[in-house]
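Overview (structure and organization)
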Amino acid sequence: MTSTWRHLPAPARAIAVTATAAVAAARERDAQAYDEAVDDLAADERSGLVLGTVVRLLLEESHPDGLDGDDVRQVLTRCVQGATRWRPEVDPHVVLVLLAGALGVYDPEGDDAPPDASALAAHAPLLVADLLAVTGAPLDGYLAAAFAEIERTERHD
């Protein structure tokens, strides 16, 4: 994925810049930078759609034959174990919700305690950083692809 998101309108670019900062902070385990970026992500509800699409694209690329329950468990475990080393408050349920949401199988009405937007924003960059470590690819291409897919979907709706 080599395209870029830098040509997008200002609101989309702001999400991309903030998401990039949050994922970079997660990869560097920089708690202060992470907290600042996550606050900005939580302030824009559209960031969840973008990061959810990025997660789905990363899952599709890292599991080209599809995911089964063991694959989801492995991603969940790896992400949570890696993140708790520097973010002890990581909630496995929130990461699972992010995975299920990205795969289109999460039903918030069936969840006794659905996470709020700030919890999702606090966990999504951790999941993205974990999946990027597996693929070895840069975030920019996935962000560009996510914005293109979202735009295409909105045009057809």
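What you see is a predicted model; the values in this text were computed from it and never measured.

With that settled, the discussion passes to the packing of aromatic side chains. Under the counting rule described, the total for this entry stands at one aromatic pair. Relative to W86, the ring of Y34 has its centre 5.4 Å away and its plane inclined at 80°; by these criteria the two rings are edge-to-face. A residue pair is termed long-range when its members are at least 10 positions apart, and Y34 in helix α2 (residues 31-43) and W86 in the loop between α4 (69-84) and α5 (92-102) qualify at 52 residues. The same class applies to Y34 and to W86, which are both buried.

Glancing now at the confidence of the model for the chain. Detailed reading of predicted coordinates is not advised where the pLDDT is low. Averaged over every residue, the pLDDT of the chain is 93; residues scoring 70 or more account for 96%. Predicted confidence in the chain is weakest over helix α7 (residues 139-156), with a mean pLDDT of 91, and strongest over α4, with 97.

One recurring pattern in soluble globular proteins: nonpolar side chains tend to sit buried together. In this structure, L127 and V128 are the most contacted members of the largest nonpolar core, which totals 48 residues. Mapped by element, the contributors of at least two residues to this core are α1 (10-28), α2, α3 (46-62), α4, α5, α6 (117-135) and α7.

A word on unusual backbone geometry. Unlike most non-glycine residues, R29 shows phi in positive territory, near 55°. Its location among the elements puts R29 in the loop between α1 and α2.

This part covers a negative patch on the surface. A contiguous patch of negative charge, built from E28, D30, E36, D39 and D40, is present on the exposed surface. Ranked by residues supplied to the negative patch, first place goes to α2 with three residues. One can find D30 in the loop between α1 and α2. Residue D30 is classed as partly exposed on the basis of its relative accessible area, which comes to 32%.

About the cut-offs
- Residues numbered from 1 in each chain as written.
- Predicted model: local features only at pLDDT ≥ 70, side-chain atom pairs only at ≥ 80, totals over all residues.
- Heavy atoms only, no water.
- Phe/Tyr/Trp six-rings, centres within 6.5 Å; stacked < 30°, edge-to-face > 60°.
- Helix = DSSP H or I, 4+ residues; strand = E, 2+ residues; numbered from the N terminus.
- Buried < 20%, exposed > 50% of the residue type's maximum accessible area, 1.4 Å probe, protein only.
- pLDDT = per-residue confidence, 0-100.
- Core = buried A, V, L, I, M, F, W, Y, C linked by side-chain atoms within 4.5 Å.
- Patch = residues over 30% accessible without salt bridge, like charges linked within 9 Å, V, L, I, M, F, W, Y side chains within 5 Å.
- Areas by Shrake-Rupley, 256 points an atom, 1.4 Å probe, with all protein chains shown as cover.
- Salt bridge = Lys/Arg side-chain N within 4 Å of Asp/Glu carboxyl O.
- Lys, Arg positive; Asp, Glu negative; His and termini not counted.
- Charge placed at Lys NZ, Arg CZ, Asp CG, Glu CD.

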